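One-letter residues, chain by chain:
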Amino acid sequence: MEHKKIHRAIFWLLLVCFAAGAKAQGKSAAERDWRTDRQKVKIMSYNILDGFDRLRDRDRMSRFAEWIKKQAPDVLALDELCGFTEADLKKLAAAYGHPYVAIVKEEGYPVGITSNAPLEVMEKRVEGYGHGLLHCRAYGMDFLATHLNPSDWRTRKREADNIVAYIKEKNLEKCLVMGDLNAHSPFDAEQMETRLQLMKAMVTSDCERKDSGRNLNNGCFEYSVISTFLAASLHDTGHSYVPGAERYSYPTRILVSTPKGEAVRQQWERLDYILVSDALRPLCVEGMIYHTPETDYLSDHYPVGVTLLIPKK
């Protein structure tokens, strides 16, 4: 009997040690699935709120660069580069270790991409896209950075149709669509339909704009924009990896009017996405929305990310 107790104690001790070792050695899906013929590529997308007040908020810009440097993404898409020139973007990117940059335009609300590997700028489109569509190639993948219309779902739908048509036109098999899409995913409908305070606020906003645009479709949350991408075989990495209760990217605590507790949960929306094509979906191993004390106060949006294991060349 005593021997059985000793054997049982040894068994549980070994089991605990094994679990602790596995936890220490397997910190992420990427590390667990590591293969020598593959390389890990970390990709992020971030709406930076009016270009850090058009580059005037140096403190926020410095904290942003420090946080991005710690996260060490390989490719970063940025929305709301207000006031930025390409030279300004190059200087900011250098602060977090990215020597390669591209910006779609230098007025309004530009989108941009920075990278630690060479970027091949394939196309910059403004016509038909409220804030532009920037297409760059790196790591053997096509990155499409965009920022859809914030005030009218019908305009967003046309922009989404244009992006899908562009992907088909260019025959982009390994592509990612990244950015603030200002739209709700049908995968989030269960959570969204309970957010009556958000619905009320959007009804008020739509009424104030009169005929200038609608974010609600006949008084209801609108899901057709993201559904357009899903129907084109682009896959929602946020839905794949982030639990429903944590699947929001707006608003952050930087908005001083944002309430706490249940009241703020009533305002949560997921507006920021990284969508991947069929060919890239099996290479995805991790997806994130970065809700951290630092990102609470860097922008009004939280950044989103995905990690892929791609074949080494």
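Everything that follows concerns the structure shown earlier in this document.
An account of the accompanying structure is given in this report. (Residues numbered from 1 in each chain as written. Predicted model: local features only at pLDDT ≥ 70, side-chain atom pairs only at ≥ 80, totals over all residues. Heavy atoms only, no water.)

## As for helix 8 (residues 196–209)
Every α-helical turn comprises 3.6 residues, leaving residues that sit three or four positions apart pointing alike.
Stage number 1. Taking 1.5 Å of rise per residue, the 14 residues of helix 8 would be expected to cover 20 Å, and the 20 Å separating its terminal C-alpha atoms lies within 8% of that figure.
Stage number 2. Along helix 8, the residues that are buried comprise Leu198, Met199, Met202 and Asp206. Around the axis of helix 8, the buried residues are gathered within 100 degrees of arc, so they sit on the same side. Among the exposed residues of helix 8, those oriented more than 90 degrees off its buried face are Leu196, Lys200, Cys207 and Glu208.
Stage number 3. Next to the buried residues of helix 8 lie helix 7 (189–192). (Helix = DSSP H or I, 4+ residues; strand = E, 2+ residues; numbered from the N terminus. Expected span 1.5 Å × (residues − 1). Buried < 20%, exposed > 50% of the residue type's maximum accessible area, 1.4 Å probe, protein only. Arc of directions from axis to C-beta. Contact = heavy atoms within 4.5 Å.)

## Some thoughts on the sheet that holds strand 10 (residues 272–277)
Stage number 1. Spatially, the six strands line up as an open sheet ordered 5-6-7-8-10-9, and their pairing is mixed. Either end of the sheet is taken by a strand with one partner, and the two such strands are strand 5 (120–125) and strand 9 (234–236). Sheet twist, expressed as the mean angle between neighbouring strand axes with direction ignored, is 20 degrees.
Stage number 2. Bridge count for strand 6 (residues 133–138) against strand 7 (residues 141–147) is six bridges, and the pairing is antiparallel. Residue pairing in the sheet places Arg137 in a bridge with Asp142 of strand 7.
Stage number 3. Sheet contacts for helix 6 (residues 153–170): strand 5, strand 6, strand 7, strand 8 (175–180) and strand 9; angle to strand 5, the most-contacted strand, approximately 135 degrees. (Pairing = 2+ DSSP bridges. Axes fitted to C-alpha atoms, helices over the stretch in contact; angles between N-to-C directions.)

## A short note on the pairing of strand 7
Stage number 1. Burial of strand 7 is extensive: seven of the seven residues sit out of reach of the surface.
Stage number 2. Here strand 7 shows two buried faces, one formed by Met141, Phe143, Ala145 and His147 and the other by Asp142, Leu144 and Thr146.
Stage number 3. Turn length for the strand 6-strand 7 hairpin, with the two strands adjacent in sequence and antiparallel, is two residues, and the turn residue Tyr139 shows positive phi of about 55 degrees.
Stage number 4. Sheet topology note: the strand 7/strand 8 ladder contains six bridges and is parallel. Counted as the bridge partner of Ala145 is Met178 from strand 8.
Stage number 5. Note on the crossover from strand 7 through helix 6 to strand 8: the handedness is right-handed. (Right-handed = clockwise from strand over helix to strand, strands pointing away.)

From the geometry alone we can't say anything about function, so treat these as descriptive.
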